[in-house]
Amino acid sequence: MPRAHVASFWLSTIRPTSRPLFFLVAWGMDSMDSMIKEWSLFLDRCLERRVQADLFAAAVAQLHAKSPLPGRKLAALLLQPRSSGSNSIDPRVIIYLEQLLALKKVDASDVLTSTFLFSKDRLPKTGDESTPKDGQRNNPPELEEIIFHRLHKAFAAEERPVNNTEGLRTLIVVTRWMQAMVTSHTSDTMIQAMAGIQQPQQQSINVREGLAMLVVGIIENSKILQTLNNPKGRDIRKAFTQSFCSFIPFLSHNSAGSQTSLQLANRLEISQKQHDFYEKIPTVHGESDESNSLEVAALQLGAVMDLPTSNTRAGLYIFLNSLLVARPLTDDFTIINCLHSRYKLEAQNMATDLITAAFDILANAMYRSEPVQTMLCLKSFLINKVPVILSQISGSVFPLTIEMCITQALSHVDPNAFPSFSQGFDDMLGNNNSLSDVRQDFLNACALHSLVQASTVERLLGEAPMQGPPEKRHDRKELLNQCKNNFDKVSVYIDELDNLDGNAGAIVGAVTDFISHLCDTQTTMYLKQISCLIFKKPQAMDILLQFTSPASILRPLCQFLDDWHYDSDQGEYQPVYDEFGAILVLVMAFVYRYDLTYNDIGIGQDAFIAKLISRGHHSMLPDELTEEQGKHLGNWLKGLYDADKEGLSNDVFASCSPQDFYLIVPTLYRQTVMACSGGVLSFESVKGGLEYLGETFLLPSLIGGLTWMASYAPLQTHNDLDAMIRIFNEVMLTTPSSGDAQAMHSTIIAMLSSRLEKCFRTLQRREPNRTTIEPFLQSIKGNAHYERSIYAPLKELEQWTNAPHSTLNTCLRHTIQQLSQWASNASIQPNPPSYTHRQIYTSLKMLGATRTLRAIVDEIKAQTDAGNGSAALDIGVAIICSPTIEDSPISVNWVGSPIPSPAPQHARLDLRYSLKQEYDSAANLVATDALTAETIVRLHRRVEAQLASLGETLLQAPVISLPNVNIVDIQSQNISDDINKAMDDAAAAGIVEDISNMDNKALQRSMEELTGTEGLDLSSISMGAGDTGTGDMGAGLGSLPDLDLGDMGVMGMDVDMSMDMGAGGGEDDWGLDFDNM
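The model shown is predicted, which means the values in this text are computed figures rather than measured ones.

About the criteria used
- Residues numbered from 1 in each chain as written.
- Predicted model: local features only at pLDDT ≥ 70, side-chain atom pairs only at ≥ 80, totals over all residues.
- Heavy atoms only, no water.
- Helix = DSSP H or I, 4+ residues; strand = E, 2+ residues; numbered from the N terminus.
- Phe/Tyr/Trp six-rings, centres within 6.5 Å; stacked < 30°, edge-to-face > 60°.
- Buried < 20%, exposed > 50% of the residue type's maximum accessible area, 1.4 Å probe, protein only.
- Lys NZ or Arg CZ within 6 Å of the ring centre and 35° of its normal.
- Polar contact = N/O pair within 3.5 Å; in protein donor to acceptor, adjacent residues only side chain to side chain.
- Contact = heavy atoms within 4.5 Å.
- Expected span 1.5 Å × (residues − 1).

So, about the environment of Ile-172. Along the chain, Ile-172 turns up in helix α9 (residues 164-194). Separated by 67 residues in the primary sequence, Ile-172 and Ala-239 have C-alpha atoms spaced 8.6 Å apart.

Next up, the structure:
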C-alpha cells in the first residue's frame, strides 16, 4: 500500500468516534480553533501510539494540506508539556520535531519560540502575580538542551535561516532568552546560596552551555551577520548586543569549574570583538560616532612606530628557564630554531648568549636554593646539551669561532656563583652546592666534542684543571651493540650519566634504542632489570628526557604491557607478575614525576597505561564491576585474607592477568579497609595479606592502592580512618625484606609523596591530637621535590603573595621590572634576578591568560615610560613565546627522536590568543589609554613576527569541543538517517536574500504572524497525566496567545527591548517595530 494511503487509513483509525478524520476536514474547517483541536488530537494520538517517523511525515503532509496551521502554533502544540512536573523527555517529540523541520512545517524560530514558552527561564508577565514562576507548567531543561544542540548544528552549517524572516525571528527570541536566562539563573543562584547550596546544578550548567552553543552558531552564521550588520537593522543589533554583553560574563562567572562554559565564553568574546558587539556610548547629541572614531584610532595604531629590537640577556634567560622548569623541553630542533629566529645571521652572538644563559640559569638555581636534583639537571644541560647544540651551530654556513664565544661568555658569568677551585674549595669540603667545578666540566665537554683543543682548557679556565676531558667520546651505535652483546654494560652506562662529562647524549640514545630492542625481542628479564636500574635513579630520568621524547622511551614499554599475555605452556605465573610489575613501576615513575598524560606518551585512550592513568586510582562499587572483575576481586580477597589457606595459589595469578589486576587494585584496597573497619577481617588477617602485597611481584599495587587511600582518607563521609591509619603504617613504614623490594618501595613512596603529604596535612589540621600522623610525614620528607611539575609549591606561592600589598599580579610585574633593569645593566650586574617560569604557569592557572597578559602589558608600558621599553618588550615576547608544557605557542616535536612527540592538545586560552584579542580591540583604548594601546600593538607585532619566523601558523579562532547530544541515549528510540537527510535537504534548499531587498509588506505580515492576536494560550488545554485527547478538549482553544512579542507597530526597527536586568523581564516589556525597512 502506498505511504499516502497508509497515512490516510491510519488517520481514519485514530479518530475516537466512528466518523473518519477527513470527514471533518472535508467540511473545510477554516477556523483556527478547529485546526488547533484537530492538530492537537492528531499529535496526541501519534505520541500515544508511538507512530513511526515515516508514517508520521506522510500523515502530516496530508493533514497540513487540509488544515495549514501556522508553524508557531504547530510547534507549540507538539512541545507543550503533557503532564505536570514531568522530568522525562518523550523521544518521539524530538523525532516528530525533526520531521516537521524537514517538511518545512515549522522553522527554527517557531521551535525556539515554543520552547521558550514552556521554559523555566521565562518569567511571568510584568504585574501578573497570579502566575508565579513555580506555578508554570514547564518542560524539562534536557529538552531545551537537545533543541539548542540541534539548532546549533543547523546554524553552524549555514543550513538555517532559510529566509530573512526566520533569521529575524530567531534573533528576537534568542535575544529575549539570553536576557531571561541571566535573570532567572541569577535569581536561582541567590536562592540556592541562601539555602547553603554553593554550586549550581549540573542541569542548569548544561542548559547555559546549550544556549551558548546556539549563540555561537548564530553569530558565526553569515546570513545572521548580514542581518545584524545592515544599517536598517541597527535596533535589533542594539537589543541583541545588550543581551549578549550581559550573557557572556554570566556564562564565564557561573561556570562552576566547567571547562566547556569557559571555552564557550572565550569563543563568544572572540566573536564579540571580531564583530564589535559592544554597547555604544552615545555622544552629546544622542548619536554614536564610534565607528568613525574607531577608524581613526585604527589608523593611528597602524602608524605606531616599533621600538628598536633588542636581544637581551634576560630574554634567552627566560627561554632556557621555560625549557627546564618541569619536564625537559630541550629538543635540539626547537632550541636551534628559536635561536636562529632570535639572532638571524649573528651566529657569534647566538653561541655566546646561549652559553651565558646556561650559566645564568644555573646561578639563579643556586641563589634560589633549588633542590640537588634540579641543580644536577641544569648542570647536565650546560655540560651535556649545550656543547651538542654548539656543534650543530658551528657546522652551519655562518662563520663562528667557538673559543672566542666561550671566552666572552665566561667573562659575563657571575664570578661569585662560579668561583675558581681555590675559592670554592672550602664550600666543597662543607658539601655545599658549590659550582666551582662547572666551568671546568663545561670546557672539558667542549673539548670532547672538538669545539676547543684540550690544551686550551687551562687558558680558558684561568687555572690548572683538576681533571681533563674523558678519554673517549661515546658513539651511540657502538654503545648499543655493546649492550646487546653484554647486558651488564647497560648498568655501567646508566651510572655514567652522573659523571656530567659530555657523553650523556650518546648514552641516552643507546639506552633508548636498547629498550625498544628489548621490547621488540620480548626479552622480559632484561626489561625488568633495566627498568629497576632507571627508576632507582630519578636524576637519570631527567637526563634521559633532555635528549629524547617521553614517547621514545615509554611508548614501546606501554605497547609491550598492552600485548603481554601468558604463554600456553606457562608454569609459574608469579614471575610474570614480577617482570610486569618492574616495567609498570618505571612507566608510572615517569608519569608521576613529569605529570604525563597518555597523549604525551603517544598511546591511545584504550591502552592499559592510559586506563591506569585515568581511572587506576578509582575504586568501583559492586554494581559497577563486570562479572569477570567481580570474580577476580573475589579470588584475590580470598587468596590474600583467607586464613584457611596457605596463601596465594598459582591459580589466583593464572586466572587474572596483570592488566586486570592493577585496574581493580583500588577496589581491592577499599574492600580491605571497609572489612577491617567493620570487623569483618581482623587486622592480623589484613596484615598477612598486606605482606603479600609488599613482595616485588605485587608491590606495584601500592601505586593504585595508596593513591586511592590518599584521596579517600581526608573525606568526612566515613568512619574508616582508624583502620586506614593502621594500613598506612603497615604499607609505608614497614621496610620490605629484599633489596629489590626496598628500592621499588622507596620509588613508589617518592612518586606518591606529594599526594600523601596533602592527605596527612589535611588530617593533621583536622585532628591535631592524633600523634600517629607525624611519622608518615617524616617518612616522605626527603621526597618533597620528587615531582618535576609546573605547579609551584605552597612555600613559593606564599613568597609571591605574603609581602604587604603583594598579589600575583604585582609580583609578576615586579619580576618583569627586575628582568628589564637587569637586561639593561647586565654588564655591571652579572648575577641574574630571581626567576622561575613556574610563576608564569601559576599566574595563568590562578589569574587566567587575560589578567596575566594585562600585568605584562602594564609593566612594559611602565618601563617604556621609564625609557627601558626595548628591553621590557623583549622580555614580554620571551615570556609569551617560550614553550610550555600545556598550550605551548611553540611546537616541541622532538623530530630527531626515535618517536616524535604527539601533537599537543590546547585546553584553554593562552597568552598568545589573549594578546590577539587585546590587539583586535586596541582601537577602543586609543581615546582613554593610548600608551596601553600602543604597547599592545608593539607586543603583538613582535610576538607574531617571532612565531611566524618559527614556522608557527597564523592565529585562528580556537576550536571548541562541543559535546554531542545523542537523542538515542534518552531512551531506546532511534532516529533514522533518512530524517536527518530530509532535514539537511530541506534546510539547504533555502536562500537568504539581502535584507535591504526584502518585500517590506511580506516581512510585516510575517512579523504580525509571529506576534499576532491569535497566539497560543495552552493554559486552557487539559494536560493532566491521564489526558490523551479522548475527552473534551475544552473551550477557548482559539485564544491561544504565545509569546507576547508586543506592539510591533510600524517598521522603523525601533526596538524597545527592556534589557535592564533589574526589570521584571516579562513578556510585555519589549517589542519590535519593523515598518519602513
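Structure's up, so let's keep going.
One pass over the structure, following the stated rule, counts 32 aromatic pairs. Ring centres of Tyr-317 and Tyr-835 lie 6.2 Å apart, and the angle between their planes is 50°; this geometry places the pair in the tilted category. Here Tyr-835 lies in the loop between α43 (808-825) and α44 (838-846) and Tyr-317 lies in helix α15 (residues 313-324), a separation of 518 residues in the sequence. A relative accessible area of 0% means that Tyr-317 is categorised as buried. For Tyr-835, a relative accessible area of 2% puts it in the buried group. Ring pairing ties together the aromatic residues Phe-560, Trp-564, Tyr-577, Phe-580, Phe-608, Trp-636, Phe-653, Phe-661, Tyr-662 and Phe-697, which thus form one cluster. Across the ring face of Tyr-786, the terminal group of Arg-593 is positioned such that the distance to the ring centre comes to 5.0 Å. Its end group placed over the ring of Phe-683, Arg-726 keeps NZ or CZ at 3.9 Å from the ring centre.

With respect to the helices and strands, the residue Ser-552 is situated in helix α28 (residues 550-563). With a relative accessible area of 3%, Ser-552 lands in the buried category. Separated by 2.8 Å, the side chains of Ser-552 and Ser-549 make a polar contact. Among the polar contacts listed, one links the side chain of Ser-552 to the backbone nitrogen of Ile-899, at a separation of 3.0 Å. Not counting residues up to four positions away in its chain, the partners in contact with Ser-552 are Thr-512, Ser-897, Pro-898 and Ile-899.

Turning our attention to helix α37 (residues 701-712). Owing to its 3.6 residues per turn, the α-helix brings residues three or four apart onto one side. Taking 1.5 Å per residue as the helical rise, α37 with its twelve residues ought to reach 16 Å, and the 17 Å between its terminal C-alpha atoms agrees with that figure. Here α37 lies mainly inside the structure; eleven of its twelve residues are buried. Every buried residue belonging to α37 is among Ser-701, Leu-702, Ile-703, Gly-704, Gly-705, Leu-706, Thr-707, Trp-708, Met-709, Ala-710 and Tyr-712, and all of these are buried.

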